[in-house]
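Each chain is listed here by its residues.
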Amino acid sequence: MSAIQDFMTLCCREQWRNGLFYHVSCEGDALALQPQHHTGAFCLPPVDSGEKGFAWSRLIVDALLPQDSGLRIYTRCADEPDWEAWKELRAAFAAQEEENPLPLLRRCYGTPEPSGTDCWLSGTGRYLWVAFELTATGACMPSVTALHLRMGGDHMLDYLPSIYRGDDFTRRYLSIYNSMFQDMEDAVEALPRQLDAASASDEMLGCLAQWVCIEPGEKDVRARIRTALGDFESMYTVEGVKRSVYRLTGRMPLIIEHFSVDPNRADCRNPVLYRKLYGDNPYRFFILLDENAFASRDRMEWFLARMQDLIPAGTELELVMLKQCVQLDWHTYLGVNSRVGSYIPAVIDENVTIHYDTTIGGATT
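Residues numbered from 1 in each chain as written. Predicted model: local features only at pLDDT ≥ 70, side-chain atom pairs only at ≥ 80, totals over all residues. Heavy atoms only, no water.

## Details of the environment of V241
Its location among the elements puts V241 in helix α9 (residues 238-249). Overall, the relative accessible area of 4% leaves V241 in the buried class. For the pair V241 and I255, spaced 14 residues apart in the sequence, the C-alpha separation amounts to 8.4 Å. Those residues in contact with V241, other than ones at most four positions away along the chain, are M235, I255, F285, I287, M307 and L310. (Helix = DSSP H or I, 4+ residues; strand = E, 2+ residues; numbered from the N terminus. Buried < 20%, exposed > 50% of the residue type's maximum accessible area, 1.4 Å probe, protein only. Contact = heavy atoms within 4.5 Å.)

Here it is, written out as structure tokens:
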């Protein structure tokens, strides 16, 4: 069998809008039964195959059918686009407030296709009319998201001697296996797309994320998978640690390594202050974040626990929360938690307390 099968797919609002609606409406690109009703219908305008006597075969409906809901599919084939009953249906659907159009729909289309969402059509004709009847007795409403019509490709019957090709029973019987093997071939053909993060389904995306050690619940998983190799290569660098902090908190941190503030350096201007702030441990580095970075202490402890797996081995992490104030001889960083601006002269005596938000300035004497 050839893996090439041509299907016509209807799956968006623009393709549904010229149809006939009864208690069914478009929700996004899907056709859904309206919540306040238990029965509804939708009639699709005639689909043109472009070939007289065209043998319609497989019809697949993508539908969400919750418990206590149902779907009926009606079809009709003809070589002529003029169907008198279609005009009656248009008039009945237009006047649906006065009369229920469902009895006319059932009378015009006749017996529905066998139950299910994958049907084999035996009719021939250039044009195909399709109608859906949706029912629900529960709280969840059914919906139709797409319709697929097979337009070309070979069939198992094509490989048999010509004496068997005119037997309708043989065609219908082999169609069961034809659909099974064709779906299998389609799945094999689609496998490369499923292994690509840009085109993989949501279900497969979770597997791809696990393969590259990315938690499925993280934001922008598709983008994370595409950059996973580069991220792992630079994970334990300064930029990598910054990236990890940003992904966990949504804030870009400041990273201070010990060698840049080593109090034992000859050019260190204030060894006592640096030793007080950063200590003497050469394997410790500091992550500076705004004091509002965490909503609760539990969230901060979760962050510290997660970061233990995202820092270089043998190093220690110390988290510094920068307050929105200036405290002399403590963590103060110009442009981060302090600023240069106007000041209010103050007289300091035994009756005055200096608060964090006090700025002292003026001429020295």
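Picking up after the structure, the text goes on.
## Details of the sheet that holds strand β12 (residues 284-290)
In spatial order, the strands read β11-β12-β13; together these three strands make up an open sheet with mixed pairing. Each end of this open sheet is capped by a strand with a single partner; those strands are β11 (254-257) and β13 (316-322). Each neighbouring strand pair of the sheet contributes to a mean axis angle of 25°, computed without reference to strand direction. Of the pairings in the sheet, the one linking β11 to β12 comprises four bridges and is antiparallel in character. Residue pairing across strands places I255 opposite I287, the latter belonging to β12. Its contacts with the sheet place α9 against β11 and β12, and it is angled at close to 40° to β12. Against the sheet, helix α11 (residues 297-307) engages β12 and β13, with an angle of about 150° to β13. (Pairing = 2+ DSSP bridges. Axes fitted to C-alpha atoms, helices over the stretch in contact; angles between N-to-C directions.)

## Description of the pattern of salt bridges
Following the criterion strictly, the structure yields nine salt bridges and no others. Notably, a salt bridge pairs D231 with R243, separated by 3.4 Å at the nearest N-O pair. Of this pair, D231 sits in helix α8 (residues 228-233) while R243 is found in helix α9, placing the two residues twelve residues apart along the sequence. You can call D231 buried: its relative accessible area is 12%. R243 gets classed as partly exposed once you look at its relative accessible area, which sits at 23%. In this structure, the salt-bridge partner of R247 is D231, at a minimum N-O distance of 2.9 Å. Here R247 is found in helix α9, whereas its partner D231 is found in helix α8, with 16 residues between them in sequence. A residue is classified by how much of its surface remains accessible, and R247, at 37% relative accessible area, is partly exposed. In this structure, a network of salt bridges that share partners links the residues D231, R243 and R247. (Salt bridge = Lys/Arg side-chain N within 4 Å of Asp/Glu carboxyl O.)

## Observations regarding the packing of helix α2 (residues 84-94) against helix α3 (residues 102-109)
Orientation of α2 relative to α3, taken along the N-to-C sense of each, is 165°, at an axis distance of 10 Å. By the angle between their axes, α2 is roughly antiparallel relative to α3. In this structure, α2 meets α3 at a crossing whose hand is left-handed. Contacts between α2 and α3 involve A85, W86, E88, L89, A92 and F93 on the former and, on the latter, L104, L105, C108 and Y109. For the contact of α2 with α3, a count of residues per class yields nine nonpolar, no polar and one charged. (Parallel < 35°, antiparallel > 145°, perpendicular 65-115°, else oblique. Left-handed = near helix turned anticlockwise from the far one by under 90°. Nonpolar A, V, L, I, M, F, W, Y, C, P; charged D, E, K, R; others polar.)

## Section: the nonpolar core
One finds L59, F132 and L147 to be the most contacted residues of the largest nonpolar core, which totals 26 residues. In terms of residue count, strand β9 (residues 127-136) provides more of this core than any other element does, five residues in total. Core analysis: the second largest hydrophobic core is formed by 19 residues, W83, L105, Y109 and W129 among them. (Core = buried A, V, L, I, M, F, W, Y, C linked by side-chain atoms within 4.5 Å.)

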